[in-house]
Amino acid sequence: MTRVKNKSFAFYLSVYILSIVILIFTFFLIYNYTVSRKLLLKNVEENARHLSNAAVNQIESYFKCIEKTAQSTALFMAKTDTLHYSSHQILKDILSSNPEIYGNCLAFKPYISNGQTIYNAPYCYKNDKQLCYKNLADKSYDYLSWDWYRIPAEENRKIWSEPYYDEGGGNVLMTTFSVPIYKSYADTGSFMGVLTADVSLQWLNELLSNIKIYDSAYAFLISSSGRILSHPQADLIMKENILDLAKETDNTEFQIILQHMMQGKTGFEKVQKAFSEKKSWIYYTSLANNTWSLGFVIPESDLYADLQLLNKDLFYILISGIILLIGFILLIANKLTKPVRKLAAMMHKDSEVFISMPIPEIKESTEIVMLNDSFRYLQKELNRYIAHLKDVTIAKERIESELQIASKLQLSMLPDANKADVYKNRIKITSYMQAAKEVGGDFYDYFFIDPSHLFFAIGDVSGKGMGAALFMSSTITLLRAYAKIEGNDLCRILQLTSDYLQQNNPEKYFVTLFTGILSLETKELTYLNAGHNYPVILTENAEIILINHTHMLPLGIIKPTRISPSHITLHANDALFLYTDGVTEAMNEKQALFGTQSLLALLKNYAHTDKGKLIPDVCKALETFTATAPQQDDMTMLCLQLNNSESNQYLHLSFTDIQNISILTDIQHQIENFLTQKEVPAKSMHRLMLVLEELITNAFKYGFSNIANKTIEINIHVDSTHIEVEYKDNSRAFNTNSAIAKSSSTSPELNTMGKRGFYIIDKMTDTFTYKRENNKNISSFKIIKNL
Amino acid sequence: MNIAFSIIRSENPIIISIDGRLDAINADSFETAIHDYLSQKTDNLVFDLEKLAYISSAGIRVFLLLINKLEASKKKIGIINPDEMVKEIIEISGLKDYMPVFANMEEAIVSFKSI
């Protein structure tokens, strides 16, 4: 098992949970910021308004206080008779008891005394905290022309003057509150003079700068004409018209606010920049008692300082929360996966180790316990399964070994290839069988029922496997047995085999069969086809002839009737090719069949003169066709090739129903003809005839009496060194061996008939054997060809 | 692939149409089904093989067993409309002698009706 390099459970848990948490927090943070900003803004505005109001009230109270002081002093002065003389002291007293007042003056209305116009304007002011006194009734000063005197005197009203530099008076930037004094209260006709109270702009500035509503917020004061009365930047005071300043900076927002201020409006507005570049809020309102306007510039950063602080805190909380969460997740994941890792490690052991390994007790979460239980169950099941598998394997091996034996046994039933070699100088036989399973239902067989007659068969039992194999072995055994007994009678062989099979066939198997007897002498093929694929004759000229005749149904189920074999005469070098349907129905991977036509085409184009290579070539073609597709059926092929050059080395003579010994002439004639053809020397020919004559005469003399159908069969084979003879007759048995033994130990003169005959045989032959088989005497002997 | 048969004519001769492949896989079930049907009535049989695409030796066995069964009651089997391949197999196996091929249904009915 290869391990896939994956990220750990902890990794996935962290990634997924953190993503969600960060998402939620981010959303929360943004939401919080937005909402609290909105709330705060409202709050801040209120607060700023209140603070500003408070500051305004404070400033106003100062002004009121100044006004009250001046007004009440004015009333008091109106009642003072010796005002011209005592005014100096009064002014001094007022000044020292009112720190907010820079200076004050009592400017008398000029009067005529002794024909002379008397000007009197005693003035007290502070200079370095020292009280100073001077009279402003100086031609160079001309107090009558100053607004602070002129407007109350002419217009009978109290006023706050526009700020001015009191050149020759207080000599500072100041604003002056002036109130007219009337001898009689509210009688403008009794105007006595003007009482003033000066407020230094410096003091005003100090006053405003002491009002702190926010860290970097500041107040400024402008007059209705736009003059800056108070501002933290001292150089702006009185020197600049604030509108010009705003115009210079091209700041329309601010200009509008300033215009509102000059018009005495109240407001709270945001500007991108005011005096400085900072984003700010400006609260402005007019002072109630005059046309001045007070403004508070509150930088936005100040307003939101708390909010930013809050968000900063939240952010830190978030970060530490996430760090904490990662740690927690890693801890949890580690704890959760520990038993899983333990279990996984177990699985990496060999299966033998695994099945016997104790599975640890785990008391984690339910799922892990379940997993652990599953492992225990798996282990138990594996143990059980392995035990079962062992039993099954043993049983299977036993069956397999038995199948192996069956397979070997079945193959051993087929003719031994060595046996084919024995025949090779007469007929070339090649064969092939491939069972689809260990054992199959196909078979072939061939053997000589006599030296010149070859019996052969190819068959295919329906179905496959053991049943078919047993049926096949029955069939092949029956055929062989009946062929041995019945010899040349093919119909009889098949009839008997069929009867037996049919009577002992509970499973209703059947077998298709092609059987034939081929005479090597005459090349006549006698055959019967019981529902088998048509065999093919390949002629020497590479023509093919299909033996397309079916004589009977396959054997096993239905009893055959009216069987009569067919005959066909083959030619020298003809080959007979037989096969089972496993060949034509070989299937490739596309489920296509090899087919009879492909086989015939292959045979038609077969160029080799040596048909011994035909079957291997067909096998090759089948392999190419089927490739890797598994085969469902047994495949069997049998090829018989006549051998011209060798076939006439044989002579087969068979005589039945012999009447008397005159047959000898006939036999002699045929043998002499054959041996002359084979260029056998006369001497050898003579010896052979002597032996045969002796055997035949002996049969007539001693063995044939009372035998109804006397038969003689002679087979002669000539090879390069010897002439081989097999002689058979159905005369009675006689003890040849003892006869030969006697003859060799006694003289030739002791010539009883039989003994003399065997003496000749013994002298004339190279080897001689005698046997008794099937009520027949069979003598075989060899004579050296070139004596 | 499945094999199915349908009874086209249920009186003598019974005509049965076979549809599909008759191979080792389904020959047994087909055999059982046919024998079940024939256990109720025994008559001459004509198989319409027009839709029989393939027949293997297991299929041949079914026919052999049928012939065997009907022989006892002297009834016969005939076939109509076999395709070339089926016809060839029936010829090779020798079944042709036991199951005559009729040109058409009418000929089969005429030929078998009187038996």
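Residues numbered from 1 in each chain as written. Chains lettered and ligands numbered in written order. Predicted model: local features only at pLDDT ≥ 70, side-chain atom pairs only at ≥ 80, totals over all residues. Heavy atoms only, no water.

Another point: a positive patch on the surface. All names here are of chain A. A cluster of like positive charges, contributed by Lys 335, Lys 338, Arg 341 and Lys 342, occupies part of the molecular surface. Relative to the elements of secondary structure, Arg 341 occurs in helix H8 (residues 305-347). Looking at Arg 341, the relative accessible area reads 43%, which means it is partly exposed. (Patch = residues over 30% accessible without salt bridge, like charges linked within 9 Å, V, L, I, M, F, W, Y side chains within 5 Å. Areas by Shrake-Rupley, 256 points an atom, 1.4 Å probe, with all protein chains shown as cover. Salt bridge = Lys/Arg side-chain N within 4 Å of Asp/Glu carboxyl O. Lys, Arg positive; Asp, Glu negative; His and termini not counted. Charge placed at Lys NZ, Arg CZ, Asp CG, Glu CD. Helix = DSSP H or I, 4+ residues; strand = E, 2+ residues; numbered from the N terminus. Buried < 20%, exposed > 50% of the residue type's maximum accessible area, 1.4 Å probe, protein only.)

All names here are of chain A. Where H8 contacts helix H10 (residues 366-413), the two axes come as close as 10 Å, and the packing angle between them is 15°. It follows that H8 is roughly parallel to H10 by the angle criterion. The crossing of H8 and H10 is left-handed. The residues of H10 that touch H8, namely those facing Leu 336, Pro 339, Val 340, Leu 343 and Met 347, are Ile 368, Leu 371, Asn 372, Phe 375 and Leu 378. Considered class by class, the residues forming the contact of H8 with H10 number 9 nonpolar, 1 polar and no charged. (Axes fitted to C-alpha atoms, helices over the stretch in contact; angles between N-to-C directions. Parallel < 35°, antiparallel > 145°, perpendicular 65-115°, else oblique. Left-handed = near helix turned anticlockwise from the far one by under 90°. Contact = heavy atoms within 4.5 Å. Nonpolar A, V, L, I, M, F, W, Y, C, P; charged D, E, K, R; others polar.)

All names here are of chain B. Of all the residues in helix H4 (residues 105-113), the buried ones are Ala 108, Ile 109 and Phe 112. Each buried residue of H4 sits inside an arc of 100° when the element is viewed along its axis, so together they form one side. For H4, the exposed residues lying more than 90 degrees away from the buried face are Glu 106 and Val 110. At its buried positions, H4 is contacted by strand S1 (3-9), strand S2 (14-22), strand S3 (45-55), strand S4 (77-80) and strand S5 (101-102). The opening residue of H4 is Asn 104, an N-cap whose side-chain oxygen sits 3.2 Å from the backbone nitrogen of Glu 106. (Arc of directions from axis to C-beta. Polar contact = N/O pair within 3.5 Å; in protein donor to acceptor, adjacent residues only side chain to side chain.)

Pairing between the strands of a sheet comes from backbone hydrogen bonds, and it takes one of two forms, parallel or antiparallel. All names here are of chain A. Taken in spatial order, the 5 strands make up an open sheet running S16-S17-S18-S19-S22, and their pairing is antiparallel. Looking at which strands have only one partner, the edges of the open sheet turn out to be strand S16 (442-450) and strand S22 (566-569). Across the sheet, the mean angle separating the axes of adjacent strands is 20° when strand polarity is ignored. Relative to strand S17 (residues 453-461), S16 runs antiparallel, the two sharing 8 bridges. Residue Asp 445 lies in a different strand from S17, and its bridge partner there is Ala 457. Most of the contacts of helix H12 (residues 465-486) go to S16, to which it runs at about 10°, and overall it touches S16, S17 and strand S18 (511-519). (Pairing = 2+ DSSP bridges.)

Further remarks concern the domain arrangement of chain A. Along its sequence, chain A is organised into domain 1 (9-39 + 315-347), domain 2 (42-303), domain 3 (351-397), domain 4 (414-647) and domain 5 (650-784). Each of domain 1 of chain A and domain 4 of chain A has a C-alpha centre, and the two are 82 Å apart. (Domains from an automatic or database assignment.)

Our focus in this paragraph is the sheet that holds strand S20 (residues 536-538) of chain A. Residue and element names in this part refer to chain A. Here we have 5 strands laid out as an open sheet, ordered S15-S24-S23-S20-S21, and antiparallel in their pairing. Among the strands making up the open sheet, the edge pair consists of strand S15 (427-434) and strand S21 (544-546). On average, each strand axis in the sheet is tilted by 15° relative to the strand beside it, whichever way the strands run. Packing against the sheet, helix H16 (residues 614-626) makes contact with S15, S20, strand S23 (575-579) and strand S24 (635-642), and its axis sits at approximately 150° to S24.

The next subject is the pairing of S24(A). Residue and element names in this part refer to chain A. The buried fraction of S24 amounts to 8 of the 8 residues, a majority that puts the element mostly inside the structure. Of the two faces of S24, both are covered, the one formed by Met 635, Met 637, Cys 639 and Gln 641 as well as the one formed by Thr 636, Leu 638, Leu 640 and Leu 642. Sheet analysis places S23 next to S24, joined by 5 bridges and oriented antiparallel. From the neighbouring strand, Tyr 579 faces S24, where its bridge partner is Met 637.

Let us look at the pattern of salt bridges. Residue and element names in this part refer to chain A. Following the criterion strictly, the structure yields 11 salt bridges over all chains and no others. Of the charged contacts in the structure, one is a salt bridge between Lys 771 and Glu 773, with a shortest N-O distance of 3.7 Å. The class for Lys 771 is partly exposed, based on a relative accessible area of 41%. Residue class for Glu 773 comes out partly exposed when judged on its relative accessible area of 40%.

Let's shift gears to the side chain of B:Ser17. Along the polypeptide, B:Ser17 turns up in strand S2. Every residue in contact with B:Ser17, bar those within four places of it in the chain, is listed here: B:Ala4, B:Phe5, B:Ser6, B:Ile8 and B:Asp48.

All names here are of chain A. On the secondary structure map, His 567 appears in strand S22. For His 567, the residues in contact, after removing those within four places along its chain, are Glu 524, Leu 525, Thr 526 and Tyr 527. Side-chain polar atoms of His 567 contact the side chain of Thr 526, separated by 3.2 Å.

Let us now look at the environment of B:Asp28. Within the element layout of this structure, B:Asp28 appears in helix H1 (residues 27-38). Separated by 34 residues in sequence, B:Asp28 and B:Val62 place their C-alpha atoms 7.9 Å apart.

This next bit is on unusual backbone geometry. Note the cis peptide between B:Asn12 and B:Pro13, where omega equals -10°. Inspection of the secondary structure puts B:Pro13 in the loop between S1 and S2. Positive phi, close to 50°, is recorded for A:Ala627, a residue that is not glycine. Within the secondary structure layout, A:Ala627 lies in the loop between H16 and S24.

Below, the discussion takes up the interface of chain B and chain A. Taken together, the 16 residues of chain B in the interface contact 19 residues of chain A. Buried area between chain B and chain A, both sides added, is near 1,600 Å², and the carbon and sulfur share of it is 61%. Looking at the side of chain B facing chain A, the largest losses of area belong to B:Arg61, B:Leu64 and B:Ile92, adding up to 36% of the total buried there. Counting across the chain B and chain A interface gives 0 salt bridges. Between the two partners, chain B and chain A, sit 5 residue pairs in polar contact (both at pLDDT 80 or more). (Buried area = accessible area lost by both parts, 1.4 Å probe.)

Turning our attention to the packing of aromatic side chains. Evaluated as defined, the whole model comprises 31 aromatic pairs over all chains. Here A:Phe11 and A:Tyr12 contribute two aromatic rings whose centre-to-centre distance is 5.6 Å and whose plane-to-plane angle is 75°, an arrangement assigned as edge-to-face. Measuring from centroid to centroid gives 5.8 Å for A:Phe577 and A:Tyr579, while their planes differ by 25°, and the two rings are stacked. Relative accessible area serves as the criterion here: at 2%, A:Tyr579 is assigned to the buried category. Site record: aromatic cluster; members linked through ring pairs are A:Tyr119, A:Tyr143, A:Trp148, A:Tyr149, A:Tyr182 and A:Phe191. Positioned above the aromatic ring of A:Phe447 is the side chain of A:Lys484, whose terminal nitrogen or guanidinium carbon lies 5.0 Å from the ring centre. Between the NZ or CZ atom of B:Arg21 and the centre of the ring of B:Tyr54, over which it lies, the distance is 4.4 Å. (Phe/Tyr/Trp six-rings, centres within 6.5 Å; stacked < 30°, edge-to-face > 60°. Lys NZ or Arg CZ within 6 Å of the ring centre and 35° of its normal.)

Attention shifts here to a nonpolar patch on the surface. Residues and elements named next belong to chain A. Taken together, the side chains of Phe 9, Phe 328, Leu 331, Ile 332 and Leu 336 make up a nonpolar region of the molecular surface, amounting to roughly 460 Å² of accessible area. Examining the composition of the nonpolar patch, we find that 4 residues originate from one element, H8, more than from any other. Checked against the element boundaries, Phe 328 lands in helix H8.

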